[in-house]
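Spelled out from the first residue to the last, the chains are:
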Amino acid sequence: MSSDVLTAEVLRNALVVAAEEASIVVVRSAYSTFIVEGSDASAAVLDARGRLIAHSMATTLMNSMALKVALPELIRDVPLETMRPGDVYVLNDAYRGGVHTNDLLVYRPVFVGDRPAYFAATMIHVSDLGGLSAGGMAPLATDIFLEGLQLPPVRLATSGGLEPAVEAILRANSRTPDKVMGDVRALVAGTAVAAARVGALVSEYGADGLAAGIDDYLDYTEARTRTALADLPEGRFEASYPIDDDGIDQEKSHYIRVALTLENHPSDGTGRHDSGDIGPQAPEVIAGLPETQGLESPGVAEGPGIARVPETRVPGDPRMRVPRVPEVGVVVDFAGTGPQVPAAVNASASQSLAAAVFAVRCFLDPTIPMNDGCLRAIEVRLPEGSLLNARSPYPCGGRYVPIYAAMEAIFQALSDAVPERAIAPSGILQPFSIAAVGAPYWIHLSYDFGGVGARQGLDGPDATGVHFGIGRNSVPQVEPVESRCPLVVESIETIPDSGGPGRHRGGLGSRTVYRFLADCHVTTRGDRLRLAPPGRDGGLPGRLGGFFKRHLDGTVERLASKVNNVRFAAGEAFVVETTGGGGMGSPHERDLEAVLADLAAGHVTERGAQEDYGLTRRQDPVR
């Protein structure tokens, strides 16, 4: 390994550690239970050209893509030359790169000389910023205004501390003002740590040395991504996936449609790879990404819904040498996806970009780093005004629903392209909130996970949630939740027979029972509770889950998948059942020993072994 390659790799890891340390600081400093106990915090380092340089190991792609896409919007409103050391900025506008109203994106510029060269960024779901229900879930919202407070890019703090006016606005719009401000201070503290680490790297390597090293490893990541894409077959592969309903009309489904085109264009001798070096290129960034003003490399529009951001390099910089690779790329086109609707099942463009990138990466070499270099090989086309690229005033809080359908559609298209890596559709996370019916407010935000679809040659994992958060799993532990909220978690268990039967079984769903010690409101935002994840290649669907209310007399009532502020009395219980993953291959082809092992472990019941796998037809006793 050359010294240039080694230096670039050391820098890459140092920047990842800087982001990771920032996320740890946020978790340790925050006030909200979900952040403190569930480690739900994200951090990233970006440069002033809007490139994602590194993100924390715990960061989901949902969050790092939001931080990337929103940064040009911040710089559009607050030009680089007007920023000062110690300034910190915040926004949550879903139509300008954000996620939804409760996710605050916080940025601190890192100066090299008298101009910002990098940004330290942090992001969490703060406890409450208004809206129809406490905690930021508004599953029956018909416009963005019902989801909570919207913030354009504004200065949150200076070297002297928080901006009093912004703090007053945040407090006035929250049911839990002290927790929110505790969370905000944690976000600011996280950016300070990451900025200090980046500043130390500038001092150690010099401004030009750090910039060159970053260019090198982004280029190297691009080359590895294109090399991995070259292993996939050329062609066009299409798929679609349904959304159960939008919560308003519970009988009408909506569809996400995708076409993936894998293209392999060998170099003609004039491309960047012919010399063995990685040179400048115009990467595909995101559908709808606006032209960036005030950056060193302004964006140049390249047709409807696509933005290309040209890069520059100082001549003579050292470069990482990589094997010659073809100019391979993938186009992920969501044309034909359903239009945006006045209900909480739309997503902002940043979230849909994250879904597409994550799903494609699942079929590539898992050791490829995630940074801007990876994005150059992936072109994502998101029709404006669709479920995956909503415009104001359509709500975006239910973004999990459409982006998980988008990921599933990509998974199925790529499963057709690469059958040896195929995966059946999965149950997904089932978000919900539990909150006090009045002041003083307490809030518990959570989600339980569905079973993962069976994979070619493997059963699906049980109750882990395929691609949760698009890259991360975090669930608060029972004891801290019980100590902070007036409830008891009576049981958590997997559900036998819930995994789709097949030669390879789908992962099991789970059942969790919360018994309340005080009156409360429950809000849910579920999906794949009406339309089961189907099997592949003769496999059977996963078993449907649901949300339920157990009354004081023991009777159980099924709730709709998307409900807002359902009142529970003290002593009543809330039951969350998640959906199992689909099976792969005919269940009658399943290995006998595997069926017996499932039976012994309680993954299937005697009835399931007989009816789903035909165990008695094989003349094998079930005992």
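Here goes a summary of the coordinates provided. (Residues numbered from 1 in each chain as written. Predicted model: local features only at pLDDT ≥ 70, side-chain atom pairs only at ≥ 80, totals over all residues. Heavy atoms only, no water.)

### Focus on the pattern of salt bridges
Worth spelling out the cut-off: A side-chain nitrogen of Lys or Arg and a carboxyl oxygen of Asp or Glu constitute a salt bridge if their distance falls within 4 Å. Elements are defined by DSSP. Helices are runs of H or I of four residues or more, strands are runs of E of two residues or more, and each kind is numbered from the N terminus. Throughout this description, buried means an accessible area under 20% of the type-specific maximum (1.4 Å probe, protein chains only), exposed means over 50%, and partly exposed covers the range between.
Taken as a whole and assessed by the stated rule, the structure comprises 41 salt bridges. Between Glu-21 and Arg-197 there is a salt bridge, with its nearest N and O atoms 2.8 Å apart. Linking Glu-21 in helix 1 (residues 3-29) with Arg-197 in helix 5 (residues 177-205), this pair joins segments that are 176 residues apart in sequence. Note on Arg-197: relative accessible area 36%, which makes it partly exposed. Its salt-bridge partner being Glu-572, residue Lys-549 comes within 3.7 Å of it at the nearest N-O pair. Separated by 23 residues along the polypeptide, Lys-549 in strand 19 (residues 546-550) and Glu-572 in the loop between strand 21 (562-568) and strand 22 (573-577) bring together distant segments of the chain. The exposure class of Glu-572 is buried, given its relative accessible area of 8%. It is possible to trace a salt-bridge network through shared partners that takes in Asp-459, Asp-462, Arg-505, Arg-590 and Asp-598.

### Digging into the nonpolar core
Heads up, the rule is: Only buried residues count toward a nonpolar core. Its members are Ala, Val, Leu, Ile, Met, Phe, Trp, Tyr and Cys residues joined through side-chain atoms within 4.5 Å.
Grouped together as the largest cluster of nonpolar side chains are 92 residues, with contacts concentrated most on Tyr-107, Val-332, Phe-334 and Ile-410. Judged by nonpolar contacts, the second largest core, of 25 residues, contains Ala-30, Ala-41, Leu-156 and Leu-170.

### Thoughts on the packing of helix 4 (residues 164-172) against helix 5
Using the following cut-off: Only C-alpha atoms enter the line fits that serve as axes; for helices the fit covers just the stretch in contact. Angles between N-to-C directions range over 0 to 180 degrees. Angle categories are assigned with fixed cut-offs, so that under 35 degrees is roughly parallel, over 145 is roughly antiparallel, 65 to 115 is roughly perpendicular, and the rest are oblique. Rotating anticlockwise by less than a right angle from the far helix to the near helix defines a left-handed crossing, while the corresponding clockwise rotation defines a right-handed one. What makes two residues a contact is simply this: any of their non-hydrogen atoms within 4.5 Å. Gly counts as polar in this scheme, as do all residues outside two lists: the nonpolar Ala, Val, Leu, Ile, Met, Phe, Trp, Tyr, Cys and Pro, and the charged Asp, Glu, Lys and Arg.
The N-to-C vectors of helix 4 and helix 5 enclose an angle of 135°; their axes lie 8 Å apart at closest approach. Overall, the two elements helix 4 and helix 5 adopt an arrangement that is oblique. The two elements helix 4 and helix 5 meet at a crossing, and its hand is right-handed. Residues Glu-167, Leu-170 and Arg-171 of helix 4 form the contact with helix 5, whose participating residues are Pro-177, Asp-178, Met-181, Val-184 and Arg-185. Here the contact of helix 4 with helix 5 is built from residues that sort into 4 nonpolar, no polar and 4 charged.

### Observations concerning helix 7 (residues 349-361)
We apply this condition: Working rule for helices: expected span equals 1.5 Å times residues minus one.
Here helix 7 spans 18 Å end to end across 13 residues, near enough to the 18 Å set by a 1.5 Å rise per residue. With respect to burial, helix 7 is a largely interior element, 13 of its 13 residues being buried.

### Considerations on the environment of Ala-230
Examined against the element boundaries, Ala-230 turns out to sit in the loop between helix 6 (207-229) and strand 8 (235-243). Sequence-wise, Ala-230 and Val-330 are 100 residues apart; in three dimensions their C-alpha atoms are separated by 9.8 Å.

### Details of the sheet that holds strand 4 (residues 103-112)
Threshold: Here, strands pair whenever DSSP counts at least two bridges between them.
Taking strand neighbours across the sheet as the criterion, the 7 strands line up as 2-1-5-4-3-6-7 in an open arrangement whose pairing is antiparallel. Edge positions in the sheet fall to strand 2 (52-55) and strand 7 (161-162), since each has one partner strand and no second. Note: strand 6 (residues 154-158) against strand 7, 2 bridges, orientation antiparallel. Across the sheet, residue Thr-158 finds its bridge partner in strand 7, namely Gly-161.

### What to know about unusual backbone geometry
Here the amide bond leading from Ser-392 into Pro-393 is cis, since omega sits at 5°, within 30 degrees of zero. Position of Pro-393 among the secondary structure elements: in the loop between strand 13 (378-381) and helix 9 (400-417). Geometrically, the link from Ala-439 to Pro-440 is a cis peptide bond, its omega value of -5° lying close to zero. Counting through the fold element by element, Pro-440 comes out in the loop between strand 14 (430-436) and strand 15 (443-448). Residues other than glycine seldom take positive phi values, yet Ala-463 does so here, at roughly 45°.

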